[in-house]
Amino acid sequence: MKNDLVPRARFIEAMRGVAALVTVVTTDGAAGRHGATVSAFSSVSADPPTVLVCLHADSRIARAVTTNERFCVNVLPETSAEIADRFAGRDDGWIADRFSGIECHGKPGSAPLIDGATGFSCVVQHSVLSGSHLIVIGHVGDVIEGGARPLAWREGSYHRVVPQAAEAACQAAR
């Protein structure tokens, strides 16, 4: 079966061209408060409301979410590239706590909601190991709408989501 798979490099190159929302998965509980930038997030079902995230199986965030049995998917607003970088670990060399200086909401022990983000507060229902990643499926207990346009990631950089009508209007004005 392995011979039937596309070469890894070709797969990665194709996936770089697929735009994804930039999210930060947060959790808190017995394993402590943790957060990590994640681009693999999707709705699963509306009945019951269910989402999934894919976390590197050997990561701190995967271990913490599994232990805490709860997580929040924070869909970052387009102005939050610095927060995405922080939770991707780019500041870990000089900032010990990724949450330092970032406004969050929620009761102690609940998964933090990042200020301005659209949040999906979840309870873990299932976890499935697939290759190097853990697919975590959660029932959504609450949604907090941030209201801002989301930050996107494509081809190794951040992008803004612009409605086609707005783009067409800008081009017509030129």
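A brief look at the structure comes next. Remember, it's a predicted structure, so these values are computed and weren't measured experimentally.

What counts and how
- The numbers attached to residues start from 1 for each chain and follow its sequence in the written order.
- In keeping with the predicted nature of the model, local features appear solely for residues at pLDDT of at least 70, side-chain atom pairs appear and are counted solely at 80 or more, and the whole-chain, interface and lining totals rest on all residues.
- Note: side-chain values were computed over all heavy atoms of the structure, leaving out hydrogens and water.
- Note on pairing: DSSP must find at least two bridges between two strands before they are called paired.
- Each helix is a run of DSSP H or I of at least 4 residues and each strand a run of E of at least 2, with the numbering of both proceeding from the N terminus.
- Axes, fitted as lines to C-alpha atoms, cover a helix only where it is in contact. Angles between the N-to-C directions of the axes lie from 0 to 180 degrees.
- We call two residues in contact whenever any of their non-hydrogen atoms come within 4.5 Å of each other.
- Two distance rules govern patches: like charges are joined within 9 Å, and nonpolar side chains (Val, Leu, Ile, Met, Phe, Trp, Tyr) within 5 Å, applied only to residues with over 30% relative accessible area and no salt bridge.
- Using a 1.4 Å probe, the Shrake-Rupley method yields the accessible areas, and only the shown protein chains count as cover for residues.
- One speaks of a salt bridge when a side-chain nitrogen belonging to Lys or Arg is within 4 Å of a carboxyl oxygen belonging to Asp or Glu.
- Per-residue accessibility, obtained with a 1.4 Å probe over protein chains only, is compared with the maximum for each type, and a residue is labelled buried under 20%, exposed over 50%, and partly exposed between these values.
- Polar contacts here mean pairs of N or O atoms no more than 3.5 Å apart (in protein, one a potential hydrogen donor and the other a potential acceptor; neighbouring residues in sequence count only if both atoms are side-chain atoms).
- Here, nonpolar core refers to any group of buried Ala, Val, Leu, Ile, Met, Phe, Trp, Tyr and Cys residues whose side-chain atoms link them within 4.5 Å.
- Centre distance within 6.5 Å is the pairing criterion for rings of Phe, Tyr and Trp, where only the six-membered ring of Trp is used; planes under 30 degrees apart are then read as stacked, over 60 as edge-to-face, and the remainder as tilted.
- Sitting over a ring, as applied to charges here, requires NZ of Lys or CZ of Arg to be within 6 Å of the ring centre and within 35 degrees of the ring normal.

**Thoughts on the sheet that holds strand β6 (residues 70-75)**
Reasoning step 1: On the basis of which strands lie adjacent, the open sheet formed by seven strands has the order β3-β2-β6-β9-β10-β5-β4 and antiparallel pairing. If you trace the sheet from one side to the other, it starts and ends with β3 (34-38) and β4 (41-46), each paired once. Between one strand and the next, the sheet's axes are offset by a mean angle of 35 degrees, whatever the strand orientation.
Reasoning step 2: Taken together, the four bridges between strand β2 (residues 23-27) and β6 define a ladder with antiparallel strand orientation. Paired with Thr-26 across the bridge in β6 is Cys-72.
Reasoning step 3: Along the sheet, helix α2 (residues 60-68) contacts β2, β3, β5 (49-56), β6, β9 (118-130) and β10 (133-144); its crossing angle with β2, the most-contacted strand, is approximately 50 degrees.

**Observations concerning the sheet that holds strand β1 (residues 20-21)**
Reasoning step 1: Taken together, the three strands give an open sheet; going across it, the order is β1-β11-β12, and neighbouring strands pair in antiparallel fashion. With one partner strand each, in any of the chains shown, β1 and β12 (157-160) form the two edges of the open sheet.
Reasoning step 2: Pairing analysis gives two bridges linking β1 to strand β11 (residues 151-154), with the strands arranged antiparallel. Looking at the pairing, Ala-20 lines up with Trp-153 of β11.

**Remarks on a nonpolar patch on the surface**
Reasoning step 1: A surface patch of nonpolar side chains, about 430 Å² in accessible area, is lined by Val-6, Phe-11, Ile-12, Met-15 and Val-18.
Reasoning step 2: In this fold, Phe-11 is placed in helix α1 (residues 8-16).
Reasoning step 3: Looking at Phe-11, the relative accessible area reads 48%, which means it is partly exposed.

**Overview of the environment of Ala-57**
Reasoning step 1: Turning to its location among the elements, Ala-57 is positioned in the loop between β5 and α2.
Reasoning step 2: Relative accessible area serves as the criterion here: at 26%, Ala-57 is assigned to the partly exposed category.
Reasoning step 3: On a C-alpha basis, the gap between Ala-57 and Val-128 in space is 9.8 Å, while along the polypeptide they are 71 residues apart.
Reasoning step 4: When neighbours within four sequence positions are excluded, Ala-57 is seen to be in contact with Ala-62, Leu-129, Ser-132, His-133 and Leu-134.

**Things to note about the environment of Arg-149**
Reasoning step 1: By secondary structure assignment, the location of Arg-149 is in the loop between β10 and β11.
Reasoning step 2: Exposure remark for Arg-149: the relative accessible area of 42% places this residue in the partly exposed category.
Reasoning step 3: When the C-alpha atoms of Arg-149 and Asp-115 are compared, they prove to be 14 Å apart, with 34 residues separating the residues in sequence.
Reasoning step 4: In this structure the side chain of Arg-149 is engaged in a polar contact, spanning 3.3 Å, whose partner is the backbone oxygen of Val-161.

**A word on the pairing of β9**
Reasoning step 1: Bridge count for β6 against β9 is six bridges, and the pairing is antiparallel. Residue pairing in the sheet places Phe-71 in a bridge with Cys-122 of β9.
Reasoning step 2: In this sheet, β10 lies alongside β9 in antiparallel orientation, the contact comprising 11 bridges. Residue Ser-121 lies in a different strand from β10, and its bridge partner there is Asp-142.

**Re the nonpolar core**
Reasoning step 1: Counting residues in each nonpolar core, the largest one holds 18 residues, and the members touching the most others are Val-25, Val-53, Leu-55, Val-65, Phe-71 and Val-136.
Reasoning step 2: Where this core is concerned, the elements lending two or more residues are β3, β5, α2, β6, β9 and β10.
Reasoning step 3: Not counting the four nearest positions on each side in its chain, Val-53 is found in contact with Val-25, Ala-40, Phe-41, Phe-71, Val-73, Leu-134, Ile-135 and Val-136.
Reasoning step 4: The next biggest cluster of nonpolar side chains, apart from the first, holds 12 residues, and it includes Ile-83, Ala-84, Phe-87 and Leu-151.

**What about the packing of aromatic side chains?**
Reasoning step 1: Under the defined criterion, the tally for this structure stands at three aromatic pairs.
Reasoning step 2: Taken together, a centroid distance of 5.0 Å and an interplanar angle of 75 degrees make the contact between Phe-87 and Phe-99 edge-to-face. Note that Phe-87 is positioned in helix α3 (residues 81-87) and Phe-99 in the loop between α3 and β7 (104-105), a separation of 12 residues in sequence. Each member of the pair, Phe-87 as well as Phe-99, is classed as buried.
Reasoning step 3: Aromatic side chains Trp-153 and Tyr-158 sit 4.8 Å apart centroid to centroid with 70 degrees between the ring planes, which places their arrangement in the edge-to-face category.
Reasoning step 4: A cation sits over an aromatic face here: Arg-33 above Phe-99, 4.1 Å from the ring centre.

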